[in-house]
Structure formats: C-alpha cells, structure tokens
Amino acid sequence: MEQFTRLFGSLLAFVYHCFDRMVINGYLSGLSRPEQVVYFFRQVLGIPVVSKEVLSQRTNDYRSWVEAYARNQGIAMEWAEKGVRKEDYVLPALRRMEKRNVYGVYSIFKSMEQGRTFRISVPKFPTEDPHYRILAHQQSRFTHYYFYIRDGVLGPIVVRMASFFPFHATYWLNGHSFMEQEMKRQKIGFQKSDNAFLAVDDVAQLQAAADRLSPQIIRKQLDYWTLIVGPKFSKKERGQMNLKRFYAIGQIEYCRNFIFKRRFPIHKIFERSCEIGLWRLTANRISEIFGVRLNKRLQGKLASVIDQIEHGHHVFRAYWKHAFLKQYEKFSRYLRNELVSNNLHDFGLKKGLDHLDAVRKRFQIITDRFAGFQAQSLNVHVDFPLLQRIALPLTIGTVRVPGIKIQDTRVIRLLEVLLHGGNTVGGWTATQIHEAVLTTFQLSGNNYGLNQLRYDLRKLKGHGLLERDGRRYAYRLTTKGLDVALLFLFFHKRLCGPLANSRFHHKPQSQSRPNSKLEAAYHKADKAIENIVDLLRAA
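This report concerns the structure included in the present document. (Residues numbered from 1 in each chain as written. Predicted model: local features only at pLDDT ≥ 70, side-chain atom pairs only at ≥ 80, totals over all residues. Heavy atoms only, no water.)

1. Let's talk about the overall build of the protein chain
At step 1: Of the regular secondary structure elements, the protein chain holds 18 helices and 18 strands.
At step 2: Each of the 539 residues in the protein chain was classed as buried or not, and the buried ones make up 46%.
At step 3: Intrachain contacts of the protein chain at a sequence separation of at least 6 include 66% that bridge at least 24 residues.
At step 4: By element, 52% of the accessible surface of the protein chain is carried by carbon and sulfur atoms, the whole surface being about 28,800 Å². (Helix = DSSP H or I, 4+ residues; strand = E, 2+ residues; numbered from the N terminus. Buried < 20%, exposed > 50% of the residue type's maximum accessible area, 1.4 Å probe, protein only. Contact = heavy atoms within 4.5 Å. Areas by Shrake-Rupley, 256 points an atom, 1.4 Å probe, with all protein chains shown as cover.)

2. With respect to the pairing of strand β5 (residues 155-162)
At step 1: The buried count for β5 comes to 7 of 8 residues, which makes it a mostly enclosed element.
At step 2: The antiparallel pairing of strand β4 (residues 134-151) with β5 creates a hairpin that spans 3 residues between the two strands.
At step 3: Relative to strand β6 (residues 169-174), β5 runs antiparallel, the two sharing 4 bridges. Within the sheet, the bridge partner assigned to Val158 lies in β6 and is Trp172.
At step 4: Once β5 ends, the chain turns through 6 residues before running back antiparallel as β6, passing Phe167 with a positive phi of about 60°. (Pairing = 2+ DSSP bridges.)

3. Some remarks on the packing of aromatic side chains
At step 1: All told, the structure shown has 26 aromatic pairs when counted by the stated rule.
At step 2: Ring centres 5.3 Å apart and planes at 45° place the aromatic pair Tyr319 and Phe324 in the tilted group. The exposure classification of Tyr319 matches that of Phe324, with both residues buried.
At step 3: Through successive ring pairs, a cluster of aromatic residues spans Phe40, Phe41, Tyr62, Trp65, Tyr69, Tyr145, Phe147, Phe165, Phe167 and Phe233. (Phe/Tyr/Trp six-rings, centres within 6.5 Å; stacked < 30°, edge-to-face > 60°.)

4. With respect to the side chain of Glu113
At step 1: Within the secondary structure, Glu113 is located in strand β3 (residues 104-121).
At step 2: The buried category is assigned to Glu113, whose relative accessible area is 16%.
At step 3: At 3.0 Å, the side chain of Glu113 forms a polar contact with the side chain of Ser111.
At step 4: There is a polar contact of 2.7 Å between the side chain of Glu113 and the side chain of Arg160. (Polar contact = N/O pair within 3.5 Å; in protein donor to acceptor, adjacent residues only side chain to side chain.)

5. Brief notes about the pattern of salt bridges
At step 1: Under the criterion given, the structure shown has 18 salt bridges.
At step 2: One salt bridge connects Glu182 with Arg212, and the closest N-O pair in it is separated by 3.0 Å. In this pair, Glu182 is assigned in helix α6 (residues 175-185) and Arg212 in the loop between α7 (203-211) and α8 (215-229), connecting sequence segments 30 residues apart.
At step 3: Take Arg212: its relative accessible area is 29%, and that puts it in the partly exposed class.
At step 4: A salt bridge links Arg410 to Asp456; its shortest N-O distance comes to 3.0 Å. With a gap of 46 residues between them, Arg410 in helix α14 (residues 409-420) and Asp456 in helix α16 (residues 450-462) connect regions that are remote in the sequence. (Salt bridge = Lys/Arg side-chain N within 4 Å of Asp/Glu carboxyl O.)

6. Notes on α16
At step 1: Over its 13 residues, α16 runs 18 Å from end to end, which matches the ideal 18 Å to within 8%, given 1.5 Å per residue.
At step 2: Listed in full, the buried residues belonging to α16 are Leu453, Asp456, Leu457, Lys459 and Leu460. What you see down the axis of α16 is that its buried residues fit within an arc of 160°, all on one side. Turned more than 90 degrees away from the buried face of α16 sit Asn451 and Arg458, all of them exposed.
At step 3: Where α16 is buried, its residues meet β15 (399-401), α14, α15 (430-441), β17 (466-468) and β18 (474-477).
At step 4: Gly464 lies just past α16 and shows a positive phi near 75°. (Expected span 1.5 Å × (residues − 1). Arc of directions from axis to C-beta.)

7. A word on helix α3 (residues 52-73)
At step 1: The first and last C-alpha atoms of α3 sit 32 Å apart over 22 residues, in line with the 32 Å expected at 1.5 Å per residue.
At step 2: Of all the positions in α3, only Val54, Leu55, Arg58, Thr59, Tyr62, Val66, Tyr69 and Ala70 are classed as buried. Looking straight down α3, one finds that the buried residues subtend no more than 155° of arc, so they occupy a single side. Across α3 from its buried face, at more than 90 degrees, point the exposed residues Lys52, Glu53, Arg71 and Asn72.

8. Describing the sheet that holds β17
At step 1: Pairing in this open sheet of 3 strands is antiparallel, and the strands run β16-β18-β17 from one edge to the other. Sheet topology places β16 (428-429) and β17 at the edges, where each strand pairs with a single neighbour.
At step 2: Where β17 lies against β18, 3 bridges are found, and the strand directions are antiparallel. By the bridge assignment for β18, Leu466 is matched with Leu477.

9. Digging into the packing of helix α11 (residues 283-290) against helix α12 (residues 356-378)
At step 1: Contact geometry of α11 with α12 gives a least axis separation of 8 Å together with a crossing angle of 140°. Taken together, the axes of α11 and α12 lie oblique to each other. Between α11 and α12, the residues in contact are Arg285, Glu288, Ile289 and Phe290 and Arg362, Ile366, Arg369, Phe370 and Phe373, respectively.
At step 2: Of the residues belonging to the contact of α11 with α12, the class tally is 5 nonpolar, no polar and 4 charged. (Axes fitted to C-alpha atoms, helices over the stretch in contact; angles between N-to-C directions. Parallel < 35°, antiparallel > 145°, perpendicular 65-115°, else oblique. Nonpolar A, V, L, I, M, F, W, Y, C, P; charged D, E, K, R; others polar.)

Structure follows, in structure tokens:
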C-alpha cells in the first residue's frame with residue numbers, strides 16, 4: 001500500500017478503506033432445533049400437540065400484523081416483480097424520507113422464496129405419548145417480507161423476515177451509509193456518489209468514522225428493528241426462552257478506495273493492472289496475497305478473470321476458494337480494490353458478528369498486499385542492459401549455456417505458454433508444455449520436437465528464468481522470468497508487431513485514420529521511421 005501511494009501519490013486526492021456491503025443472518029437461537037420448538041409450545045405455551053395448525057397460526061398472526069402495520073403507517077406493500085431491482089424501485093421513497101429528514105420503514109415487499117422451516121409428521125408406529133410428533137428441518141417455498149428502512153445510525157438498511165417458524169432474518173447494510181451518518185453528525189462537509197466518497201473536508205475523520213463501525217453498534221440497531229418489524233413474542237415467552245437473535249456474517253466486502261485528482265490516469269492504471277494481473281497473478285501469487293499455503297487439496301476456485309457484470313464496467317477478479325479480490329473503476333471518478341468473502345471459514349475466522357474486528361484486520365492485510373502487488377507490477381522500467389546480458393552465453397561450471405535473443409520465435413512461444421500456464425499447481429512437466437505449445441500455435445511434432453523443447457528449457461533455466469518445483473521435473477517461471485517474459489511479449493505484441501505490420505503490409509492513410517490516441521501514436525511512429533529511412537537513403 002505504501003508503495004502504491006509513493007508511486008501515484010502526486011495523482012491521488014486521498015485514500016480510505018472501510019467495510020462496504022454486509023449481509024448478516026439473524027437466528028433465533030432458542031428456537032433453532034426441533035426439541036426447542038417442542039419445549040416452547042408444550043412447556044411455555046401449554047399446547048400438548050405441536051401440529052401444522054399450531055405453526056400455521058403463528059405464521060397467520062405475523063402476516064396479519066404486517067398487513068395492519070403497513071396499513072396504519074401508510075406504507076406501500078406489494079409483491080416483488082421479476083426482473084425489477086428492488087433498490088432502484090424504492091429509491092424515490094427513500095429520497096422523500098431524506099428530504100423530510102425522518103427515519104423508519106418506507107417500503108415493504110413480499111416475495112416467494114426458499115427458506116428453512118420445520119416439517120411435522122405423525123409417527124408411523126404408536127408411541128407411549130399420544131401427543132408425540134416428529135419435527136425435522138426442511139427447505140420450502142413461502143412468503144418473505146422485505147422491510148426497507150432508513151436508520152439514524154446505519155443509514156438505509158434492508159431487513160428480510162421469513163413468515164414461517166422459526167422466522168429467520170437477513171439484514172443488508174453498507175459501511176458507507178454508516179460513515180455518511182457519522183459525517184453528518186459531526187457536520188463535516190463531503191461529496192458522496194452512490195457508495196463512495198469523492199471529496200471530504202477531513203480525511204482523517206472519514207477514516208475514523210469507518211473504523212468506528214463495531215459489532216455493538218450494529219447489534220443495537222438490528223435488535224431494535226427486529227423488535228419493531230419482526231414476529232411478536234409475549235413477555236412470558238421471552239422470560240422463559242432465549243429469544244435473542246444470534247447474528248452471523250453471511251457475506252462481507254472490504255474495500256480500498258483511491259480517489260484521484262484528475263480522471264485521465266484512472267482508466268490507464270486500471271487497464272494496465274488488468275493486463276499485468278492476467279499475466280502475473282498466478283496461483284502462487286494469489287495464495288501469497290491471501291496468506292495461505294497452496295496445495296492440491298484446495299477446494300473452490302483459483303483463477304483470475306475479467307468480466308463485465310457489475311456497474312456496467314469491466315471488473316478484474318482474482319478468485320480464491322469462496323472469496324475473491326476485485327478491482328474496478330467507477331464513473332471515471334475513483335479506483336477501488338475490494339475483497340469479498342462468502343465464507344469466513346476460508347480465512348480461519350468465525351462468522352459471529354462479535355468477530356468483526358478480526359475480519360477487519362485480516363482483510364486490511366490482504367487488500368494491502370494486493371495494492372502492493374499492483375504497485376510492484378506497475379513500477380516497471382525497461383532494462384535494456386538486461387536484454388544484452390541475456391543475449392550473451394553463460395558458462396556454468398563446465399556447461400556453456402547459449403544466449404537468448406529477443407527475436408527467437410521458439411523462445412517467445414515458450415514464454416507465452418509458460419505465462420498462461422502459471423495457474424497450474426506444482427508447475428508443468430516438459431510433456432505438458434510441449435503439448436500446450438503445439439496446440440496453442442498449431443504446430444506439428446516435426447516442426448518443434450520434444451528434444452528441442454528440453455534444449456530451450458535448459459537455456460531458460462541456465463539464465464535464471466525457469467525453476468523446478470522441488471525435485472520434480474516440473475517447471476515454472478521465476479520472478480525474473482516473469483519480468484523477462486512480459487518484456488519479450490509486450491515488445492513484440494505491443495510495439496514491434498504493429499509497427500512492422502504497418503511498414504511491410506500497408507501504409508496507413510492519414511485521411512482515413514480514426515480519432516484515436518493509439519492510432520495517432522502509430523501514425524507518428526510510422527512517420528518518424530519513414531524520415532529515418534529517407535535520411536539514410538540520402539546519405
């Protein structure tokens with residue numbers, strides 16, 4: 001992170017990090033198991049038979065209460081339509097709440113979704129207790145209520161409440177909304193767009209507000225709104241049963257936001273980061289960033305991709321197990337690195353809300369490593385003496401290793417395949433590399449034999465560009481090898497290839513050139529080469 005700040009410090013306005021989207025599950029601990037439900041109805045309520053009708057009565061009572069609450073408060077309640085994003089649909093109602101500066105529920109949705117409930121069945125054979133019934137967990141489809149709430153501490157939140165016993169609850173909140181409320185309370189000026197701060201009068205106070213989000217604050221607000229919109233329990237029921245909610249983190253996002261002074265460097269940095277990330281963010285490097293040991297028993301994903309499914313912009317993702325790191329630019333205003341986890345067990349962390357501070361510390365370290373990796377990759381300068389040294393032969397003991405020329409087609413093909421094969425755990429064997437080269441470049445075994453490949457591998461290993469995986473005859477690029485491979489490939493594909501193609505295949509026409517900075521640069525380079533050729537011809 002420090003290296004990233006040093007590298008782009010003159011272009012940055014400020015940087016802050018915080019929790020972004022959080023999904024929290026709320027469980028009624030005292031009614032989560034079948035035996036607890038039986039005790040609740042038989043011992044606390046005095047109902048001898050726990051039947052479907054008994055559970056249905058609790059569901060009907062809660063549904064009636066929700067309808068009466070919406071009617072008395074004048075809140076619109078409707079079924080969620082397929083293909084309609086709920087947050088966008090209720091946004092006008094939220095804006096009216098903000099304009100009036102009031103807090104509370106401003107919209108209610110009903111949705112048919114899968115949820116956890118209990119199945120009740122009569123025993124197949126008679127028992128000593130005629131009132132005995134078999135209770136078991138099951139997944140079924142029933143009505144869920146979405147309460148859209150404007151909270152005075154957490155800002156806009158969403159509470160989804162199941163209408164069937166045991167009334168499982170899910171909460172959606174955002175760390176940026178909490179920070180916004182804190183900045184308003186302290187009367188500090190800021191500019192916020194969607195879920196990011198673009199300008200602020202006091203950056204230190206903004207970061208302090210992000211760090212103040214604690215389990216105690218979240219639990220207090222969730223308990224309050226669960227009491228308001230959740231199913232009702234009498235004083236007697238609460239006195240004899242533990243009906244407090246246990247809050248567990250289902251999904252959580254932690255982000256680092258880089259706010260730039262100007263817009264022009266954001267896309268360039270993101271484009272370059274994606275390009276280098278796909279080449280260099282190998283399986284070993286991903287495991288180093290996440291701080292875990294890589295082995296063949298790894299469960300889940302391990303890959304880096306670029307997709308276009310969020311915010312309508314390209315997003316770079318590096319997957320690891322059930323988590324992933326992502327980077328994207330938004331509105332040409334800021335660059336964001338974000339760590340998303342769908343299972344905290346992957347990090348050896350507990351999912352209880354009380355462990356939120358441990359999650360914050362661990363995620364800060366991971367996002368810091370990710371920013372450091374990008375800074376190290378972006379801080380690259382062409383080392384032409386390196387090309388000269390690699391081109392010279394080496395003598396290792398009594399073995400003479402030939403030099404590597406930048407125009408060697410066989411080496412360029414081999415380096416490209418090795419870069420793409422970096423995700424393989426434990427490296428590639430010579431046979432696997434040979435097969436990949438032949439398949440990628442559509443070659444035959446006569447054009448490039450296995451002995452020729454072994455000769456090239458020994459040459460790369462002699463110059464320190466390739467290493468073996470322990471004692472196995474499996475190979476992967478070293479850190480120096482990654483730099484050299486990128487230099488070779490970018491030289492041919494980004495510089496030498498386009499210029500040579502324009503010189504020998506067709507001459508670019510200035511009148512038909514598109515309005516592009518890249519095309520203008522190619523025309524300028526082509527013109528300079530033409531001037532040099534003319535001067536040499538005249539001499």
